[in-house]
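Breakdown of the fold
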Amino acid sequence: MSVSTGLQKKPAETAATSLMPQRSALRARAGLSRTAKYVLLVFFLIIVLMPVYVLIVTSLKPPQDVNPATSWGLPVRWPWEPAFEGGPTGFDNWALAWNALSASIGRTFLLAIPAALIASFLGAMNGFVLARWRFPYADVVFTFILFGMFIPYQAIMTPLVQMKTSLGLPSDVSTLLVVHVIYGLPICTLIFRNYYAGIPHELMEAARMDGSGMLRTFRSIVLPLSLPGFVVTIIWQFTSAWNDFLFALFLSNQNEGPVSLALNNLAQGAQLANYGAAMAGALLASLPTLVVYIVLGKYFIGGLMSGSVKS
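Residues numbered from 1 in each chain as written. Predicted model: local features only at pLDDT ≥ 70, side-chain atom pairs only at ≥ 80, totals over all residues. Heavy atoms only, no water.

Description of the overall build of the protein chain
- Of regular secondary structure, the protein chain possesses eleven helices and zero strands.
- Counting helices and strands in the order they occur from the N terminus, the protein chain gives α-α-α-α-α-α-α-α-α-α-α.
- For the protein chain, contacts bridging at least 24 residues in sequence account for 76% of all contacts bridging at least 6.
- Accessible area of the protein chain: about 18,600 Å², with a carbon and sulfur share of 71%. (Helix = DSSP H or I, 4+ residues; strand = E, 2+ residues; numbered from the N terminus. Contact = heavy atoms within 4.5 Å. Areas by Shrake-Rupley, 256 points an atom, 1.4 Å probe, with all protein chains shown as cover.)

Section: a nonpolar patch on the surface
- On the surface, a cluster of nonpolar side chains totalling about 970 Å² of accessible area is made up of Leu40, Val42, Phe43, Phe44, Ile46, Ile47, Met50, Tyr53, Trp72 and Leu74.
- Structurally, isoleucine 46 is set in helix H1 (residues 2–59).
- On the basis of relative accessibility, which here comes to 48%, the residue isoleucine 46 falls in the partly exposed class. (Patch = residues over 30% accessible without salt bridge, like charges linked within 9 Å, V, L, I, M, F, W, Y side chains within 5 Å. Salt bridge = Lys/Arg side-chain N within 4 Å of Asp/Glu carboxyl O. Buried < 20%, exposed > 50% of the residue type's maximum accessible area, 1.4 Å probe, protein only.)

Re the confidence of the model for the protein chain
- With 83% of its residues at a pLDDT of at least 70, the protein chain reaches an overall mean of 81.
- Counting interchain partners and residues more than four positions distant, the pLDDT-below-50 stretch residues 1–7 has zero contacts.
- Note that residues 307–311 has pLDDT below 50 and, in this model, seven contacts with residues that lie over four places away or in other chains. (pLDDT = per-residue confidence, 0-100.)

Here's the deal with the packing of helix H3 (residues 138–147) against helix H5 (residues 173–196)
- One can describe the packing of H3 onto H5 by two numbers: an axis separation of 8 Å at closest approach and a directional angle of 135°. In terms of axis orientation, H3 runs oblique to H5. Of the residues in H5, those touching H3 at Asp139, Phe142, Ile145 and Leu146 are Pro186, Thr189, Leu190 and Arg193. (Axes fitted to C-alpha atoms, helices over the stretch in contact; angles between N-to-C directions. Parallel < 35°, antiparallel > 145°, perpendicular 65-115°, else oblique.)

Here's the deal with H3
- Within the span of H3, buried status applies to Ala138, Phe142 and Leu146. For H3, the buried positions fall inside an angular range of 70° around the axis, keeping them on one side. Exposed positions of H3 whose direction lies more than 90 degrees from the buried face are Thr143, Phe144 and Phe147. (Arc of directions from axis to C-beta.)

Overview of the packing of aromatic side chains
- As enumerated under the stated definition, the model contains 13 aromatic pairs in all.
- Measuring from centroid to centroid gives 4.9 Å for phenylalanine 192 and phenylalanine 230, while their planes differ by 65°, and the two rings are edge-to-face. Residue phenylalanine 192 is located in helix H5, and its partner phenylalanine 230 is located in helix H8 (residues 227–243); the two are separated by 38 residues in the primary sequence. In this structure, phenylalanine 192 and phenylalanine 230 share a single accessibility class: buried.
- One aromatic cluster is present, built from ring pairs that chain together Phe121, Phe128, Phe192, Tyr195, Tyr196, Phe218 and Phe230. (Phe/Tyr/Trp six-rings, centres within 6.5 Å; stacked < 30°, edge-to-face > 60°.)

Focus on the nonpolar core
- Ranked by internal contacts, the top residues of the largest apolar core, which has 22 residues, are Leu176, Trp242, Phe247, Leu251 and Val259.
- If one sorts the elements of this core by residue count, helix H2 (residues 90–132) sits on top with six residues.
- Residue contacts for valine 259: discarding those within four places in its chain leaves Leu101, Ser104, Ile105, Thr108, Trp242 and Ala285.
- Counting eleven residues, the second-largest nonpolar core is a separate cluster that includes Phe192, Tyr195, Ile199 and Phe218. (Core = buried A, V, L, I, M, F, W, Y, C linked by side-chain atoms within 4.5 Å.)

Section: the side chain of serine 226
- In this fold, serine 226 is placed in the loop between helix H7 (214–222) and H8.
- Polar contacts involving the side chain of serine 226 include one to the side chain of tyrosine 196, which spans 2.8 Å.
- Excluding residues within four positions of it along the chain, serine 226 makes contact with Phe192, Tyr195 and Tyr196. (Polar contact = N/O pair within 3.5 Å; in protein donor to acceptor, adjacent residues only side chain to side chain.)

Focus: H7
- Buried residues of H7: Thr217, Phe218 and Val222, and no others. The arc that holds the buried residues of H7, viewed along the axis, is 100°, so those residues lie on one side. Projecting away from the buried face of H7 at angles above 90 degrees are the exposed residues Leu215 and Arg219.

Section: the packing of helix H6 (residues 201–209) against H7
- H7 packs onto H6 with a crossing angle of 125° between their chain directions and a minimal axis gap of 11 Å. Overall, the two elements H6 and H7 adopt an arrangement that is oblique. In this structure, the crossing between H6 and H7 has a hand that is right-handed. Residues Leu203, Met204 and Ala207 of H6 touch H7, and the partners they reach there are Thr217, Ile221 and Val222.
- Here the contact of H6 with H7 is built from residues that sort into five nonpolar, one polar and no charged. (Left-handed = near helix turned anticlockwise from the far one by under 90°. Nonpolar A, V, L, I, M, F, W, Y, C, P; charged D, E, K, R; others polar.)

Notes on the side chain of histidine 180
- By secondary structure assignment, the location of histidine 180 is in helix H5.
- Residue class for histidine 180 comes out buried when judged on its relative accessible area of 5%.
- In contact with histidine 180, other than residues within four places in its own chain, are Leu111, Ala115, Gln237, Ser240, Ala241, Asp244 and Phe247.

The following block contains the structure:
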């Protein structure tokens with residue numbers, strides 16, 4: 001019995017032994033592919049972070065230590081070290097940038113947050129009506145709404161300024177808020193229409209059978225399912241409003257405008273003599289959007305993909 005059992009196991013052991021070199025080769029190939037992937041990721045990460053590095057190290061240098069020849073070098077004197085002859089230090093750059101931008105940063109929050117929320121909510125209502133409550137010429141209306149996405153800012157700037165002047169609108173963030181809400185509606189409508197197209201028809205029919213109208217269905221059933229779409233549109237609109245410069249340049253002024261306009265004034269006001277303050281201001285101005293993407297980045301990608309596969 002023991003001899004026959006040994007004879008029966010021998011072919012299986014031989015086959016397993018013959019497969020071992022193949023498995024080793026596959027593991028080695030997979031390891032090499034993974035290593036190459038990580039090397040490429042690190043390479044692209046370095047390329048992306050190079051401007052950030054220059055921003056940070058330049059913001060920590062006093063004006064007398066900033067020049068093109070040493071732009072890649074670390075500060076000769078760190079901000080916590082005493083400066084020669086009582087001159088400015090790297091911390092003075094950040095203090096100057098904060099004093100110049102703090103008021104405009106607060107105004108930009110008052111612009112970007114309401115613009116993102118209002119445009120997202122109106123886009124959600126538009127997308128729901130166009131996706132689920134069909135009406136005559138709905139596709140034509142949707143096409144006209146999408147047409148607003150392809151109109152460049154420069155093409156409407158002159159008539160927009162003329163309209164602002166004729167209506168007597170103030171040159172502050174309240175006017176920019178209205179403009180960003182209107183200009184953000186097309187992209188928000190598109191995202192929500194594609195997202196709501198994937199909601200099961202049975203859910204809508206069940207709501208109708210229960211006697212729910214359009215508004216109640218939207219409020220009680222659709223809105224609780226809309227979190228991924230809202231994450232996408234809020235991040236998109238917040239970033240667009242925060243980083244906008246062209247609308248701010250034409251529709252606001254230096255004293256009542258957002259942070260992008262104040263940052264430009266900071267650089268030009270110093271006539272680029274203090275590069276460190278300009279770099280510190282750029283970092284301060286970009287910090288809110290960076291935090292938003294770090295906190296909500298994975299939800300942004302998931303929500304964008306969930307809407308992109310709908311028809």
